[in-house]
Amino acid sequence: MNDPYETTETHLERLLGRALNSFDLPDALVERLDNALAHASSLCSAHHSAGLHRETYRHTYLLTDGSALTLWELVHNTGRDGTPLHELYVEESEVQLAAARLGSPGGAAHRARERPEEPKALTHSAGPSLDDLAAGLLSELEAGRKADIDADIALLSSLLSEPAKPRPRRYVPDNSPDHARRVLRRAENDDRPGEDTARLLRTAFAHHITQVFGRQCQVEGKDAGFMLYEHAFLLIDGSETSLWEVEHTATPDGRHMCEVYETERTAREAMELRARVR
């Protein structure tokens, strides 16, 4: 279910477009999905018999506010001529109940009315009820499912985490004090580095620029781009210092804006805030 070349936006369009019951999803939930940054999909269960094939999938999305949202998909072959049909649910209990109903008398016909079922003799059975079957299935899957969801969330969150390995630097002596002045001059944030930092950077001997982060996303329904650069400076006394520059278009009119911070942490916090509120 994971296509490495498919964007999260395309994945969502495909998922919602093929679901028979997508109109049942809450509008607020669909609006939150518009802000999804990344996704992960996995097969949770499968049942294949002579007459019925069904699978359930979990689709987890990382949102711009750092939270995760999960949709549960049921796929079954109860369409005309065995055509696969897709359904979406917000809760795992809902998709498990829907899957259990597929195996009940008339359950598949309810989902594909255009494909008539052959008449079957009804017999009384003293076996477990549908609710008991669904409850047992949920109990059996509950422990492993939570671990799987946590793993997906951790995977998606790692896309926004800081790099684990230090980035190599190759300092270039190229009028570095002037470069520092230009970086500070184009900063528009009120909490940009002050005169003390500017005075220190006048002693810069060389500098190195690294792109640390880059992503396109949706902010309040509009496209926005975020880029994070480290401007590392080698000072005349042999010490090092950095400026962290955020370039983004998460502005009311979509214009390009630059912000500069003294630490990577404050720069990333600023990007997160900009991604939440425009």
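Cut-offs used in this document
Residues numbered from 1 in each chain as written. Predicted model: local features only at pLDDT ≥ 70, side-chain atom pairs only at ≥ 80, totals over all residues. Heavy atoms only, no water. Helix = DSSP H or I, 4+ residues; strand = E, 2+ residues; numbered from the N terminus. Buried < 20%, exposed > 50% of the residue type's maximum accessible area, 1.4 Å probe, protein only. Areas by Shrake-Rupley, 256 points an atom, 1.4 Å probe, with all protein chains shown as cover. Pairing = 2+ DSSP bridges. Axes fitted to C-alpha atoms, helices over the stretch in contact; angles between N-to-C directions. pLDDT = per-residue confidence, 0-100. Contact = heavy atoms within 4.5 Å. Core = buried A, V, L, I, M, F, W, Y, C linked by side-chain atoms within 4.5 Å. Arc of directions from axis to C-beta. Patch = residues over 30% accessible without salt bridge, like charges linked within 9 Å, V, L, I, M, F, W, Y side chains within 5 Å. Salt bridge = Lys/Arg side-chain N within 4 Å of Asp/Glu carboxyl O. Lys, Arg positive; Asp, Glu negative; His and termini not counted. Charge placed at Lys NZ, Arg CZ, Asp CG, Glu CD.

Trainee: Just checking my understanding: could you explain the overall build of the chain for this structure?
Mentor: Scanning the chain for helices and strands turns up eight helices and eight strands. For the chain, with 278 residues in total, the buried portion stands at 42%. By element, 52% of the accessible surface of the chain is carried by carbon and sulfur atoms, the whole surface being about 16100 Å².

Trainee: What is the right way to read the pairing of strand β1 (residues 36-48) from this model?
Mentor: Along a regular strand, successive side chains alternate from one face of the sheet to the other. As judged from the 11 bridges shared by β1 and strand β2 (residues 53-63), these two strands associate in the antiparallel manner. When the bridges of β2 are listed, histidine 39 appears paired with tyrosine 61. Hairpin connection of β1 to β2: four residues between the antiparallel strands.

Trainee: In this structure, what is going on with the sheet that holds strand β3 (residues 68-76)? I would like to understand it.
Mentor: Adjacent strands of a sheet pair through backbone hydrogen bonds, lying either parallel or antiparallel. Spatially, the four strands line up as an open sheet ordered β1-β2-β3-β4, and their pairing is antiparallel. Two strands close off the open sheet at either side, each with one partner strand: β1 and β4 (85-89). With strand direction ignored, the average angle separating the axes of adjacent strands in the sheet is 20°. Bridge count for β2 against β3 is nine bridges, and the pairing is antiparallel.

Trainee: Just checking my understanding: could you explain the confidence of the model for the chain for this structure?
Mentor: Of all residues in the chain, 71% attain a pLDDT of 70 or more, and the chain-wide mean is 77. Taken element by element, the predicted model of the chain shows its lowest mean pLDDT in helix α4 (residues 107-111) (46) and its highest in helix α7 (residues 195-201) (95). Predicted confidence for residues 105-127 stays below pLDDT 50, and this span has 26 contacts to residues more than four positions away or in other chains.

Trainee: Looking at this model, I keep getting lost on the pairing of β2. Mind explaining?
Mentor: Among the 11 residues in β2, 10 count as buried, and that is most of the element. As consecutive antiparallel partners, β2 and β3 are separated by four residues, and within that stretch glycine 66 has a phi angle of approximately 90°, a positive value.

Trainee: Can you help me understand the environment of glycine 17 in this one?
Mentor: The residue glycine 17 is located in helix α1 (residues 8-18) in this model. Taking the C-alpha atoms as reference points, glycine 17 and histidine 86, 69 residues apart in sequence, are found 9.7 Å from one another.

Trainee: Just to check I follow, could you spell out the nonpolar core for this structure?
Mentor: Side chains of nonpolar character tend, in soluble globular proteins, to be buried together. Grouped together as the largest cluster of nonpolar side chains are 13 residues, with contacts concentrated most on Phe226, Leu228, Val246, Ala267 and Met271. The set of elements that each furnish at least two residues to this core consists of β5 (204-219), β6 (222-235), β7 (240-248) and α8 (264-276). Sorting elements by how many residues they give to this core places α8 first, with four residues. Once residues within four sequence positions are removed from consideration, methionine 271 is found in contact with Phe213, Phe226, Leu228 and Val246. The next biggest cluster of nonpolar side chains, apart from the first, holds 12 residues, and it includes Leu25, Leu33, Tyr61 and Leu69.

Trainee: Whenever I open this one, α1 confuses me. Can you help?
Mentor: The α-helix winds at 3.6 residues per turn, so residues separated by three or four positions along the chain end up facing the same way. Three or more residues of α1 are buried, namely Thr8, His11, Leu12 and Leu15. Projected onto a plane normal to the axis of α1, the buried residues spread over an arc of 95° and lie on a single side. For α1, exposure combined with an orientation more than 90 degrees from the buried face picks out Glu9, Glu13 and Gly17. Lining the buried residues of α1 we find α2 (27-33), β1, β2, β3 and β4.

Trainee: Would you take a moment to explain a negative patch on the surface for this structure?
Mentor: On the surface, Glu9, Glu13, Asp27, Glu31, Asp34 and Asp223 cluster together into a negatively charged patch. For the negative patch, the secondary-structure elements that each account for two or more residues are α1 and α2. On the basis of relative accessible area, aspartate 223 is assigned to the exposed category, the value being 59%.

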